[in-house]
Amino acid sequence: MISLLYVPSMAARSSAVIDLVKAALHRDHVGAQVAEDLRGERAHHHRGQVEHPHAVRRSLSVIVELSAMIETMGHIEPAHKSAFWNPFANMAALAGKAITIVGGEGCTVYDADGRAYLDALASLWYCNVGYGRAELAEAADAQMREIAGFQTFEYYTNPPADALCTRIADLVPMSGAKVFLTPGGGSDAVDTAGKLARAYWRAVGEPNRQVIISRSHAYHGMNAYGTSLGGIPLLTEAFTPLVSHVEQVPWDDPTALEKTIEMLGKDRVAAFFCEPVIGAGGVYPPPEGYLRAVREICRRHNVLFVADEVITGYGRVGTWFASERFGLDPDVITSAKGLSSGYLPIGAVIVGPRVAEPFWQPGATAVFRHGYTYSGHPAAAAVALANLDLIEREKLIERVAALEPVLAATVAPLSEHPGVSAVRSGTGLLAAVEIAEDLRAAGPAIGQRLVAAVRDRGVITRLLRGVALQISPPFVITEAELARITEAFAGAFDEVRRG
Ligand SMILES: Cc1ncc(COP(=O)(O)O)c(C=O)c1O
């Protein structure tokens, strides 16, 4: 058995060559045949395996030659010496094995070895318009040639930031909204909203309203507020309490919210943070009547309702915002991800008139003393505007609405699989396939084995809260691609159950 390896670029060649030689030196039966001209610039590359004794002999002589080449390549570090520290990864196990993604087109991304993967995640719920959209790169390019970045603290603004905020205010189901741009994504938006909630109550003369309530299973990002509000114990227990005055209620129980507000006492609660569809906690669409009930409770107790739409904003549930679909009438919306489809990082906190008023009304003296170096970054704003144009022009939100039942019908048969305990879908392009408890009982590595087995079938998914596999594809996904995702999941569950 020998490995065929065609290597596309000098950088990839160097680490690949080193790996190749190591493999040959350390394993029996492994030889290597390097494609005709290793020094040539081949765009096409491929990894495969064949059995051929002549090739093995030839490969071994090539390896000797390669060893000499490597001697002269001392300055090129092998991949496992990378200093890149992956978020959420066990680096002791991952170092040197990370998959290097080098390109993308539509719903497909490519790794450095030329392998194609159908991305069932839209990266991390964000690449809604798909990969390879030249017009978004052109929007960044054009803006950077004017002015790439300039701060917006206190006095300054710029045309794309202004236009983007007006555009978002027009799209959102609130009249008279104001928009506070954040640079990093959803976590910045959540921290901004948490601080704004407290600043608002102080500005209107109720400084005791400081408590923020969130839900079990909730994910609100990884900055201090988001971590403190999170409802996934594994992600919070090493850090909390970061922000004081946070409380948590069961994700599906409106009565628990009301009791907690009452238990905390009159005029103590500033806001309730709520993902309309719980995302990273495992994709839980709202139980029937839940959102209406909690919205009403917040109104009754004068608690701000913050809809965390970092995943659901900009079309993922078939409307511009989930707040529109579920009639939420929120006081504040946090958003990011789909705002730019991730072509450049940017987020937006969208503030309804009630919360904006003490800061905006004529003669107001309250100042929201908060912001980031890159708030209102012109290049990121220009890309976001081009992204919204694209979503509108290609009617991608209508497409999500049309694909919602298709996705649900395509993944539904997975619920019959003995390795699956539930399939959640039916709200936009969002689904989760929950791993049956007896399969999970086989060991904590089962989820990651499933993720790897799906990837071996050419599809990228990931594990949510240790219990479910995520599906949240780009809006441009086709029905055939949805079927491929389901096939890969079914095959992976078969494989892992076989042991
Ligand atoms: C609902 C929600 N809020 C906040 C965040 C944090 O966003 P980011 O990772 O862009 O900081 C996420 C990320 O997935 C999210 O799903």
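Below is a short write-up of the structure. Quantities reported herein were computed from a predicted structural model and do not represent experimental measurements.

## Description of the overall build of the chain
Here is step 1: Scanning the chain from terminus to terminus reveals 18 helices and 18 strands.
Here is step 2: Every one of the 499 residues in the chain was classed for burial, and the buried ones make up 52%.
Here is step 3: Here the contacts in the chain between residues at least 6 apart in sequence split such that 74% fall between residues at least 24 apart.

## Points about the site of the ligand
Here is step 1: W125, G185, G186, S187, Y219, H220, G221, E275, D308, V310, I311 and K337 make up every residue found near the ligand.
Here is step 2: Within the side chain of S187, one N or O atom sits 2.5 Å away from an oxygen atom of the ligand.
Here is step 3: Here an oxygen atom of the ligand and a side-chain polar atom of K337 are 3.0 Å apart.
Here is step 4: Protein contact buries 85% of the 390 Å² of open area that the ligand shows by itself.
Here is step 5: Here the residues of the shell around the ligand are counted per class, giving four nonpolar, five polar and three charged.

## So, the nonpolar core
Here is step 1: Of all hydrophobic cores here, the largest spans 86 residues; its most connected members are L164, I213, F272, Y314, L339, I350 and I485.
Here is step 2: Summarising the domain contributions, this core has at least three residues from each of domain 2 (134-393) and domain 3 (396-498).
Here is step 3: With sequence-adjacent residues up to four places away left out, F272 is seen in contact with I213, R215, V249, L257, Y290, V294, C298, V303, L304, F305 and V306.
Here is step 4: Counting residues in hydrophobic clusters, the runner-up holds 24 residues, among them A193, L196, A197 and L304.

## With respect to empty space enclosed by the protein
Here is step 1: Summed over the entire model, instances satisfying the criterion amount to two cavities of 30 Å³ or more.
Here is step 2: Counted as a void, the second largest cavity has a volume near 30 Å³.
Here is step 3: Taken together, A218, Y219, H220, G221, M222, G226, T227, G230, I232, L235 and T236 form the lining of the second largest cavity.
Here is step 4: Of all the elements in the fold, those that place two or more residues in the lining of the second largest cavity are α8 (224-229) and α9 (233-236).
Here is step 5: For the lining of the second largest cavity, the class distribution of residues is five nonpolar, six polar and no charged.

## Thoughts on unusual backbone geometry
Here is step 1: Going from T240 to P241, the amide bond is cis rather than trans, its omega being 0°.
Here is step 2: Within the element layout of this structure, P241 appears in the loop between α9 and β9 (246-249).
Here is step 3: Although it is not a glycine, R465 adopts a positive phi angle of roughly 50°.
Here is step 4: With relative accessibility at 28%, the residue R465 sits in the partly exposed group.

## Thoughts on the sheet that holds strand β15 (residues 431-435)
Here is step 1: Sheet architecture is open: four strands sit in the order β14-β15-β18-β17, paired in antiparallel fashion. Of all the strands in the sheet, just β14 (420-424) and β17 (463-464) have a single pairing partner and so form its edges.
Here is step 2: Sheet analysis places β14 next to β15, joined by four bridges and oriented antiparallel. In the sheet register, V420 faces β15, and the bridge partner there is I435.
Here is step 3: The strands that helix α17 (residues 446-456) touches are β15, β17 and β18 (468-471); relative to β18, the one it contacts most, it runs at about 35°.
Here is step 4: Helix α18 (residues 479-498) rests against β14, β15 and β18 of the sheet, and its axis sits at about 165° to β18.

## Details of α17
In an α-helix, one turn spans 3.6 residues, which is why side chains three or four residues apart end up on the same side.
Here is step 1: Of all the positions in α17, only I446, G447, L450, V451, A453 and V454 are classed as buried. In a view along the axis of α17, the buried residues occupy a sector of 165°, so they form one face of it.
Here is step 2: Contacts from the buried residues of α17 go to β15, α16 (437-440), β16 (459-460), β17, β18 and α18.
Here is step 3: Just downstream of α17, G458 is the residue with a positive phi angle, here 85°.

## Comments concerning the layout of surface pockets
Here is step 1: By volume, the second largest pocket amounts to about 1,000 Å³.
Here is step 2: Lining the second largest pocket are 30 residues, and of these T152, V179, F180, W360 and H370 lie nearest its centre.
Here is step 3: Counting residues per element, the ones that place at least two in the lining of the second largest pocket are α6 (159-171), β7 (178-182) and α13 (353-360).
Here is step 4: Per-element tally for the lining of the second largest pocket: the top contributor is α6, with five residues.
Here is step 5: For the lining of the second largest pocket, a count of residues per class yields 19 nonpolar, seven polar and four charged.

## Let's talk about the state of the cysteines
Here is step 1: One pass over the structure, following the stated rule, counts zero disulfides.
Here is step 2: Of all cysteine sulfurs in the structure, the one in C274 sits closest to C298, which takes part in no disulfide; the separation is 8.1 Å.

## Brief notes about the pattern of salt bridges
Pairing of side chains with opposite charge becomes possible as their charged atoms draw close.
Here is step 1: Within this structure, the stated rule accounts for 17 salt bridges.
Here is step 2: A salt bridge links D141 to R145; the shortest N-O distance between them is 2.9 Å. One end of the pair, D141, and the other, R145, are both in helix α5 (residues 134-147), four residues apart, so they sit about a helical turn from each other.
Here is step 3: Close ionic contact of D267 with K266 constitutes a salt bridge, the shortest N to O distance being 3.7 Å.
Here is step 4: The exposure class of D267 is partly exposed, given its relative accessible area of 32%.
Here is step 5: Each of E258, E296, R299, R300 and D329 takes part in one network of salt bridges that share partners.

## Remarks on a nonpolar patch on the surface
Here is step 1: The grouping of I147, F150, Y155 and Y156 at the surface amounts to a nonpolar patch, some 460 Å² of accessible area in total.
Here is step 2: With respect to the secondary-structure elements, Y155 resides in the loop between α5 and α6.

## Re the side chain of R316
Here is step 1: With respect to the helices, strands and loops of the structure, R316 is situated in the loop between β11 (304-308) and α12 (322-325).
Here is step 2: Summary of buried charges: R316 has no salt-bridge partner, and the nearest side chain of opposite charge, D119, is 8.5 Å away.
Here is step 3: Side chain to side chain, R316 and N128 meet in a polar contact 2.7 Å long.
Here is step 4: Reaching out from R316, the side chain makes a polar contact with the backbone oxygen of P473 at a distance of 3.0 Å.

## Description of the sheet that holds strand β6 (residues 116-119)
Here is step 1: Spatially, the four strands line up as an open sheet ordered β4-β5-β6-β16, and their pairing is mixed. The two strands at the open ends of the sheet, each matched to only one other strand, are β4 (101-105) and β16.
Here is step 2: In terms of strand pairing, β6 meets β16 through two bridges, oriented parallel. Bridge assignment links L118 to a residue of β16, and that residue is V459.

Reading the values: rules and limits
Residues numbered from 1 in each chain as written. Predicted model: local features only at pLDDT ≥ 70, side-chain atom pairs only at ≥ 80, totals over all residues. Heavy atoms only, no water. Helix = DSSP H or I, 4+ residues; strand = E, 2+ residues; numbered from the N terminus. Buried < 20%, exposed > 50% of the residue type's maximum accessible area, 1.4 Å probe, protein only. Contact = heavy atoms within 4.5 Å. Near = heavy atom within 4 Å. Polar contact = N/O pair within 3.5 Å; in protein donor to acceptor, adjacent residues only side chain to side chain. Areas by Shrake-Rupley, 256 points an atom, 1.4 Å probe, with all protein chains shown as cover. Nonpolar A, V, L, I, M, F, W, Y, C, P; charged D, E, K, R; others polar. Core = buried A, V, L, I, M, F, W, Y, C linked by side-chain atoms within 4.5 Å. Domains from an automatic or database assignment. 1 Å grid on protein atoms, 1.4 Å probe; cavity = no way out; pocket = protein on both sides within 12 Å on 5 of 7 lines; lining within 4 Å. Points joined across faces, edges and corners; volume = space filled by probe spheres on them. Pairing = 2+ DSSP bridges. Axes fitted to C-alpha atoms, helices over the stretch in contact; angles between N-to-C directions. Arc of directions from axis to C-beta. Disulfide = S-S within 2.5 Å. Salt bridge = Lys/Arg side-chain N within 4 Å of Asp/Glu carboxyl O. Patch = residues over 30% accessible without salt bridge, like charges linked within 9 Å, V, L, I, M, F, W, Y side chains within 5 Å. Lys, Arg positive; Asp, Glu negative; His and termini not counted.

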